[in-house]
Amino acid sequence: MSPKDLRPNLADKAGAAVNKKPAIGDDILLEKYTDNTDDHKYVNKPSELGAEDKSRMLESGVVLDDLKERSGTFIQMDNRPVHFSTQQDGIEIMSTSEAALKYDWLKDYWWKAVSVDADKYTAHVELNKADGYFIRALPGVKTEFPVQSCMYMAKNQAIQNVHNIIIAEEGSELHIITGCTSAHRTETGLHLGVTEFFIKKGAKVTFTMIHTWSPDIAVRPRTGAIVEEDGVFLSNYVVMKTVKNLQSYPVAYLNGENAVARFNSVMVCPPGSKMDVGSRVFLNARHTRTELITRALTTGGEIISRGYIEGKVPDCKGHLECRGLILGDNGIIYAIPELMGKVAGVDLSHEAAVGKIAEEEVEYLMARGLNKDEATAAIVRGFLNVDVEGLPPLLKEEMDKAIKLGDQKGM
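Residues numbered from 1 in each chain as written. Predicted model: local features only at pLDDT ≥ 70, side-chain atom pairs only at ≥ 80, totals over all residues. Heavy atoms only, no water.

## Some thoughts on the pairing of strand S2 (residues 80-86)
(1) Moving on: Within S2, five of the seven residues are buried, which leaves the element mostly enclosed by the surrounding structure.
(2) Moving on: In terms of strand pairing, strand S1 (residues 72-77) meets S2 through six bridges, oriented antiparallel. Across the sheet, isoleucine 75 pairs through a bridge with histidine 83, a residue of S2.
(3) Moving on: Joining the antiparallel neighbours S1 and S2 is a turn of two residues, in which aspartate 78 adopts a positive phi near 55 degrees. (Buried < 20%, exposed > 50% of the residue type's maximum accessible area, 1.4 Å probe, protein only. Helix = DSSP H or I, 4+ residues; strand = E, 2+ residues; numbered from the N terminus. Pairing = 2+ DSSP bridges.)

## As for the environment of glutamine 157
(1) Moving on: Among the secondary structure elements, glutamine 157 is positioned in the loop between strand S5 (147-153) and strand S6 (158-168).
(2) Moving on: With a relative accessible area of 40%, glutamine 157 lands in the partly exposed category.
(3) Moving on: Considering only alpha carbons, one finds glutamine 157 and tyrosine 33, 124 residues apart in sequence, at a separation of 5.3 Å.
(4) Moving on: Leave out the neighbours within four places in its chain, and glutamine 157 touches Lys32, Tyr33, Thr34, Thr188 and Gly189.
(5) Moving on: Of note is the side chain of glutamine 157, whose polar atom sits 3.0 Å from the backbone oxygen of lysine 32. (Contact = heavy atoms within 4.5 Å. Polar contact = N/O pair within 3.5 Å; in protein donor to acceptor, adjacent residues only side chain to side chain.)

## Considerations on the nonpolar core
(1) Moving on: Core analysis: the largest hydrophobic core is formed by 81 residues, its most contacted members being Leu174 and Phe233.
(2) Moving on: With 15 residues, the next largest nonpolar core counts Val266, Ile357, Val380 and Phe383 among its residues. (Core = buried A, V, L, I, M, F, W, Y, C linked by side-chain atoms within 4.5 Å.)

## Some thoughts on the sheet that holds strand S20 (residues 347-355)
(1) Moving on: Pairing is mixed in the open sheet, where ten strands are placed in the order S2-S1-S5-S7-S9-S11-S14-S16-S18-S20. The strands lining the two open edges of the sheet, one partner per strand, are S2 and S20. The mean angle between the axes of side-by-side strands here comes to 5 degrees, regardless of whether they run parallel or antiparallel.
(2) Moving on: Bridging between strand S14 (residues 260-269) and strand S16 (residues 289-298) involves ten bridges; their strand directions are parallel. The residue bridging valine 268 from the neighbouring strand is leucine 297, located in S16.
(3) Moving on: Across the sheet, helix H2 (residues 51-58) is in contact with S1, S5, strand S7 (173-182) and strand S9 (204-212); its angle to S5 comes to roughly 120 degrees. (Axes fitted to C-alpha atoms, helices over the stretch in contact; angles between N-to-C directions.)

In structure tokens, the structure reads:
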């Protein structure tokens, strides 16, 4: 449900974009899927969910049986929030529909970081009154443990519509881990997820997303972040499993002086997967800084790795790095780094490299007692191990678990 008293032109703008194809990525036919998935029931304790569902969520870093190391929990199954709770004062967690009823001012945030008419996917989310999570840290409050959320697809051939709002008030700090996954019984489906971040003056958000979809799921996230003076936005993205078609290009607008954004992406693309993933940052104020780091590995699938930094004012700085590794003979990686400087005094740089494992590296490890498979696995793990600055130990553990699990299952 959208907030009360929304500007009346939102529905009109969305309606005008229902057939608007995405600027990049494959076009997905919405008519192949159904939105009718609202028969899930609310559970007071997430541990009451079924064993199979909890197991799948755990693979994405979402722990439901023991919440002592989580500051809050939100779970949405298909299009219905089925649980939300908080374990820390000063941290608000609820569905966006409930937040809209509680806070009239929420309308001032709705569709501000992402355009409702960006494409037919954003239009579909608005016109279908998508629910999602509302997470807010009150001024000066810092999470003791990560807040966790899960977007879970249970029904076959369904569209999951999501609209999330995250607000870090002045001087606050939020650590969020989001697991996106689907049931083993879910053969096909489409995930449409809109997420809007608002990082106020001196606030910090660390957002780690782990995707473990089923092989025939198509995924279309639409994410935007607005960062004010001295704010920090750290985004970590991990996808290690087969997904049919993924296209994600989140954007951060650094609108206040000294604002910082970092995007770290780790992608493993098995045969049968197509991933078009990247990140964009607009440096709109002096002394803003950004770093975009991507590790892309294909074992037979196709990866398009994008990056875009635009410097609009003097004294801003950005760096983009994409490294791709091809295992086998059939994988494809496209690296598309882009920089745009609009004034003198910007400092932007990029480096991109795509290749295979160097034979001398394998021989070096084999000379020290490893066989060829062990040597190759060790090199791959090292390649995927991105040193993420500012990542809390618990989130780093979850990220490492996802990489290790993907390695164990042959990625």
